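# Tertiary structure, described
Okay, here's what each chain looks like letter by letter:
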Amino acid sequence: MLTGVAETEQEDERPRAYRVAELAEAAGVSVRTVRFYRERRLLPPPRREGRIAWYGEEHLARLRLIAELLERGHALGGIAELIGAGEDGRDVAELIGLQAALVAPWSDETPVHLGWDELRAAFGDQLTPANTAESVAQGYVTVHPDGITHVSRRLMDATVALVGEGVPLAAVLDVSRRAGEYADAMADLFVALVRDHLLGALTRVQDLTPAEAARLTERIQRVRPLARAVNDARFALAMDRRVRAEYDGLAAERPAPGSPHPSPAPPGHHP
């Protein structure tokens, strides 16, 4: 009895083998996809017994890895290079972590959809084809038959609020376009900073060892919030200077409270 139990436990501990249809079902993909990945050498060859191909847990793990990379936006060609790096003895997880750190989104904006009735209520007769076309050209708005989708709820709310305060929509869009140009220039500066002083001579992520990838990932993650902090601080300080200068200019144009006003000239007096 004890021997039989031990033998059963040993059999249960053996790695599971899958036929191609079973593997596809476990991975949540189609059989055709599994075969396509085999043709592209993204999956290692199965074990064969006669005409039957058996796949193991390593194949299932590989399919799940490919699905994760595709979800992160990697192309199949890049996935093949990453997998090749892993098969050469490098840690794919470290390389993926570095890529994720480099290309992770900086923004956390939430898209918002507004119908045409909502837009007309917000902008009235300023909802013109020209203003709509300018919004689309800036890359923030997608037009649908039932309204628009804006990539950023915060920017959309700010636009509506500014127009509500009396700023023309065309002026808001003009400032938005110019601010976008300055933001692109700032982004270029920081990308160059990271490229020149952190990435150095690196040409491909796949060329790094796992230890190098891990160290570089940590540095990138430390630098990201610093870049945002510098931009936020510089903008706030610039606004301090500009607002103070604007106020001083306005104050100089009118007498300070309590200052004596010039006496009117007596009738008939000509200076």
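This text gives an overview of the structure that appears in the document.

Criteria and thresholds
- Residues numbered from 1 in each chain as written.
- Predicted model: local features only at pLDDT ≥ 70, side-chain atom pairs only at ≥ 80, totals over all residues.
- Heavy atoms only, no water.
- Pairing = 2+ DSSP bridges.
- Helix = DSSP H or I, 4+ residues; strand = E, 2+ residues; numbered from the N terminus.
- Axes fitted to C-alpha atoms, helices over the stretch in contact; angles between N-to-C directions.
- Buried < 20%, exposed > 50% of the residue type's maximum accessible area, 1.4 Å probe, protein only.
- Contact = heavy atoms within 4.5 Å.
- Patch = residues over 30% accessible without salt bridge, like charges linked within 9 Å, V, L, I, M, F, W, Y side chains within 5 Å.
- Areas by Shrake-Rupley, 256 points an atom, 1.4 Å probe, with all protein chains shown as cover.
- Salt bridge = Lys/Arg side-chain N within 4 Å of Asp/Glu carboxyl O.
- Parallel < 35°, antiparallel > 145°, perpendicular 65-115°, else oblique.
- Left-handed = near helix turned anticlockwise from the far one by under 90°.
- Nonpolar A, V, L, I, M, F, W, Y, C, P; charged D, E, K, R; others polar.
- Core = buried A, V, L, I, M, F, W, Y, C linked by side-chain atoms within 4.5 Å.
- Phe/Tyr/Trp six-rings, centres within 6.5 Å; stacked < 30°, edge-to-face > 60°.

## Focus: the sheet that holds strand S5 (residues 147-150)
Spatially, the 3 strands line up as an open sheet ordered S3-S5-S4, and their pairing is antiparallel. Each having just a single partner strand, strand S3 (112-115) and strand S4 (141-144) make up the two edges of the open sheet. Sheet twist, expressed as the mean angle between neighbouring strand axes with direction ignored, is 20°. With 4 bridges joining them, S3 and S5 adopt antiparallel strand pairing.

## Here's the deal with the environment of Thr-132
With respect to the helices, strands and loops of the structure, Thr-132 is situated in helix H8 (residues 129-137). According to the relative accessible area criterion, Thr-132 is buried, its value standing at 18%. Dropping the residues within four chain positions of it, Thr-132 is found in contact with Leu-127 and Val-143.

## Observations regarding a nonpolar patch on the surface
Together, Phe-235, Met-239 and Val-243 give the surface a local cluster of nonpolar side chains, amounting to about 310 Å² of exposed area. Within the secondary structure, Val-243 is located in helix H11 (residues 210-252).

## Looking at the packing of H8 against helix H10 (residues 169-199)
The contact between H8 and H10 brings their axes to 10 Å, and the two run at 20°. By the angle between their directions, the pair H8 and H10 is classed as roughly parallel. The handedness of the crossing between H8 and H10 is left-handed. Of H10, the residues touching H8 (which contributes Asn-131, Glu-134 and Ser-135) are Leu-169, Ala-170, Leu-173 and Arg-177. Of the residues assigned to the contact of H8 with H10, the class counts are 3 nonpolar, 2 polar and 2 charged.

## Structural notes on the packing of helix H2 (residues 20-27) against helix H3 (residues 31-39)
Two quantities define a packed helix pair, namely the angle between the axes and the distance from one axis to the other. It is the contact of H2 with H3, at a shortest axis distance of 8 Å, that shows an interaxial angle of 100°. The orientation of H2 with respect to H3, classified from their angle, is roughly perpendicular. Only Val-31, Val-34 and Arg-35 of H3 make contact with H2, whose side of the interface consists of Val-20, Ala-21, Leu-23 and Ala-24. In terms of residue class, the contact of H2 with H3 is built from 6 nonpolar, no polar and 1 charged.

## Regarding the nonpolar core
Counting residues in hydrophobic clusters, the biggest one holds 18 residues, and the most contacted among them are Leu-23, Val-34 and Leu-63. Of all the secondary-structure elements, those providing two or more residues to this core are H2, H3, helix H4 (57-71) and helix H5 (76-87). With near-sequence residues (within four places) excluded, Val-34 lies in contact with Val-20, Leu-23, Ala-24, Val-29, Leu-43 and Leu-63. Of all hydrophobic cores here, the second largest spans 11 residues; its members include Val-112, Phe-123, Val-141 and Ile-148.

## Some thoughts on the pattern of salt bridges
Between side chains of opposite charge, a pair can form when the charged atoms approach closely. According to the stated counting rule, one finds 9 salt bridges in the structure shown. Ionic pairing is found between Asp-174 and Arg-177, a salt bridge with its closest N-O pair at 2.5 Å. Here Asp-174 and its partner Arg-177 are both found in helix H10, 3 residues apart, which amounts to about one turn of the helix. Given a relative accessible area of 27%, Asp-174 falls into the partly exposed group. The partner of Glu-181 in a salt bridge is Arg-177, and the shortest N-O contact between them spans 3.5 Å.

## A look at the packing of aromatic side chains
Two aromatic rings, taken as a pair, are described by how far apart their centres are and by the angle between their planes. If you walk through the whole model with that rule in mind, you get 1 aromatic pair. Plain terms: the ring middles of Phe-36 and Tyr-37 are 6.1 Å apart, the flat faces sit at 50° to each other, and that makes the pair tilted.

## Brief notes about unusual backbone geometry
The backbone of Arg-41 shows a phi angle near 65°, a positive value even though the residue is not glycine. In this structure, Arg-41 sits in the loop between H3 and strand S1 (47-49).

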